[in-house]
Amino acid sequence: MATALASQLNTLDLASPLPLDSGKVLPNVRLAYETYGEMAADRGNVILIFHALTGDQFVAATHPITGKPGWWERMVGPGLPIDTSRYHVICANIIGGCMGSTGPADLAEDGAPYAMRFPVITIRDMVRAQVAMLDQLGIDRLHAVVGGSMGGMLALSFAANWPGRADRVLAIATTARHSAQNIAFHEVGRQAIMADPDWRGGDYYGGGGKGPEKGLSVARMAAHITYLSEAGLTEKFGRRLQDRDAKSFGFDADFQVESYLRHQGIAFTNRFDANSYLYITRAMDYFDLAEEAGGRLADAFAGASATRFCVISFDTDWLYPTAESRNIVHALNAVAAPVSFVELSAPFGHDSFLLDVPALDRVVKGFVG
Ligand SMILES: CC(=O)SCCNC(=O)CCNC(=O)[C@H](O)C(C)(C)COP(=O)(O)OP(=O)(O)OC[C@H]1O[C@@H](n2cnc3c(N)ncnc32)[C@H](O)[C@@H]1OP(=O)(O)O
Ligand SMILES: N[C@@H](CCO)C(=O)O
């Protein structure tokens, strides 16, 4: 059983304003990050982990708000697949996030929260901020970049746009472009937030008012379904009733699955900012590596032929299905980049990358080395 690691919590202010894909510039950018394990004197043992949509830098340390274990404690630690007795692991909260890196809840230069004045950012902008962080930390070359889900998008963007800065790239349960279906689900979530009267055009910070908790909760409920699998839900809940022997003939949470989703939704509002959710889902929707390279995905990886890649998908992931991973592999093949690919069998759907899948541990350990 993995336990929370001693980590070091840092913040770093970027020395220069951050240019964004939109053409705007984000001033005064702060990144909050955690590190695990010792950095070698030659700085050659650094692994950068990118977190998923609602993840954060607390990979293997207790979450300061929820008190829960880090989201990848089973993977990152001494003797674990990403072995912190050998590697120095860095994970930063993405820009746009709400765990200490600059995001919509932070103050703009006029002293008021950005809210919806925060610029629309892209996955590449998130990576650009972290490359600037690496530059300031004096880390030229990484042993590996690793990410699942949205973190996998950042890993692919890193490889495509900053080739030569990482020896190995591990992309798990991800895609090189957000599909129409995925954009559709995100739009449902965003509309739920914006339809909540407590959203107030995004200006809900301060003043003692509460934010759009109902909308954010519904957004999370809808999204959470997409992280699971039909078989997993059936196995876990079936049609079983919640704390009752008979249907209520009302709209209370009769079914366990309803109660579970409501719990997931409410719990989420305790740890996440609704405006961050809008901005991050937008960045994911805009993600299309092929488009960035003029339309052909292989061209995105043209400079990355010396990088070693590993792409992992899960057979029950209908959000980022195996076909999406195969597209990435084909593009890497086209530029003769060394790539290994595996589709793992796991019952948990998209969130399999966060859960107990021993085969995933073995692949990660084998690839990271
Ligand atoms: C890469 C990243 O950084 S992503 C960030 C990852 N973290 C999250 O997404 C946090 C929220 N998501 C989850 O908890 C995800 O389901 C996972 C994948 C991380 C964890 O999955 P599992 O360990 O299988 O937990 P599960 O999905 O069963 O949820 C357990 C919770 O549901 C609650 N629950 C289970 N059944 C019911 C029910 N019938 N009614 C109400 N609540 C219920 C449990 O009490 C537990 O609550 P708690 O988390 O407040 O302790
Ligand atoms: N469940 C994870 C994965 C979503 O892609 C999250 O909330 O970030």
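Residues numbered from 1 in each chain as written. Chains lettered and ligands numbered in written order. Predicted model: local features only at pLDDT ≥ 70, side-chain atom pairs only at ≥ 80, totals over all residues. Heavy atoms only, no water.

The protein is annotated in an unreviewed UniProt entry as Homoserine O-acetyltransferase from Alteraurantiacibacter palmitatis. Reading the Subcellular location (unreviewed entry) entry of the UniProt record for the protein gives the comment "Cytoplasm". (UniProt positions renumbered as here; feature names shortened; annotations may be inferred.)

The next point concerns the overall build of the protein. The helix and strand inventory of the protein stands at 11 helices and 12 strands. Relative to the globule expectation of 21 Å for 369 residues, the C-alpha radius of gyration of the protein, 20 Å, shows essentially globular dimensions. C-alpha extents for the protein along the principal axes are approximately 65 × 50 × 45 Å. Expressed as a percentage of the 369 residues in the protein, the buried residues total 54%. When the accessible surface of the protein is split by element, carbon and sulfur atoms take 54% of a total near 15,500 Å². Separation between the mean location of the 31 positive side-chain charges and that of the 40 negative ones in the protein comes to 2 Å. (Helix = DSSP H or I, 4+ residues; strand = E, 2+ residues; numbered from the N terminus. Rg over C-alpha atoms; globule rule 2.2 N^0.38 Å. Buried < 20%, exposed > 50% of the residue type's maximum accessible area, 1.4 Å probe, protein only. Areas by Shrake-Rupley, 256 points an atom, 1.4 Å probe, with all protein chains shown as cover. Lys, Arg positive; Asp, Glu negative; His and termini not counted. Charge placed at Lys NZ, Arg CZ, Asp CG, Glu CD.)

For helix H3 (residues 180-195), built from 16 residues, the straight-helix expectation of 22 Å at 1.5 Å per residue is met to within 8% by its first-to-last C-alpha distance of 22 Å. Considered for burial, the residues of H3 that qualify are Asn-182, His-186, Gly-189, Arg-190, Ala-192 and Ile-193. Down the axis of H3, the smallest arc covering the buried residues is 155°, so these residues share one side. Opposite its buried face, H3 presents the exposed residues Ala-180 and Ala-195, each directed more than 90 degrees away. Where H3 is buried, its residues contact helix H4 (213-226) and helix H7 (274-286). (Expected span 1.5 Å × (residues − 1). Arc of directions from axis to C-beta. Contact = heavy atoms within 4.5 Å.)

A word on the UniProt feature "active site" (unreviewed entry) in the protein. Taking the numbering used here, the UniProt-annotated feature "active site" (unreviewed entry) corresponds to Ser-149, Asp-317 and His-350. Sequence-wise these annotated residues cover 202 residues; spatially they are packed, their C-alpha atoms never more than 10.6 Å apart. Structurally, Ser-149 can be placed in the loop between strand S9 (142-148) and helix H2 (150-161). Take Ser-149: its relative accessible area is 6%, and that puts it in the buried class. In contact with Ser-149, other than residues within four places in its own chain, are Ala-52, Ile-172, Ala-173, Thr-174, Tyr-320, His-350 and Phe-353. In this fold, His-350 is placed in the loop between strand S12 (339-344) and helix H11 (358-368). His-350 gets classed as buried once you look at its relative accessible area, which sits at 2%. Not counting residues up to four positions away in its chain, the partners in contact with His-350 are Ser-149, Ala-173, Thr-226, Tyr-227, Thr-316, Asp-317, Leu-319 and Tyr-320. Among the polar contacts made by the side chain of His-350, one reaches the side chain of Ser-149 at a distance of 2.7 Å. (Polar contact = N/O pair within 3.5 Å; in protein donor to acceptor, adjacent residues only side chain to side chain.)

It is worth spelling out the pairing of strand S4 (residues 30-36) at this point. For S4, a buried count of six out of seven residues is recorded, marking the element as mostly surrounded by other parts of the structure. Here S4 pairs with strand S8 (residues 88-92) via four bridges, running antiparallel. From the neighbouring strand, Thr-35 faces S8, where its bridge partner is Ile-90. (Pairing = 2+ DSSP bridges.)

Turning to the nonpolar core, a few remarks are in order. Counting residues in each nonpolar core, the largest one holds 78 residues, and the members touching the most others are Met-126, Met-133, Phe-158 and Phe-301. Of the residues that make up this core, three or more belong to each of domain 1 (8-178 + 288-368) and domain 2 (182-280). The contacts of Met-126, once residues within four sequence positions are left out, are Ile-94, Ile-95, Ile-121, Met-150, Leu-154, Ile-280 and Ala-283. Within the second largest apolar cluster, 33 residues are counted, among which are Val-59, Val-89, Cys-310 and Val-364. (Core = buried A, V, L, I, M, F, W, Y, C linked by side-chain atoms within 4.5 Å. Domains from an automatic or database assignment.)

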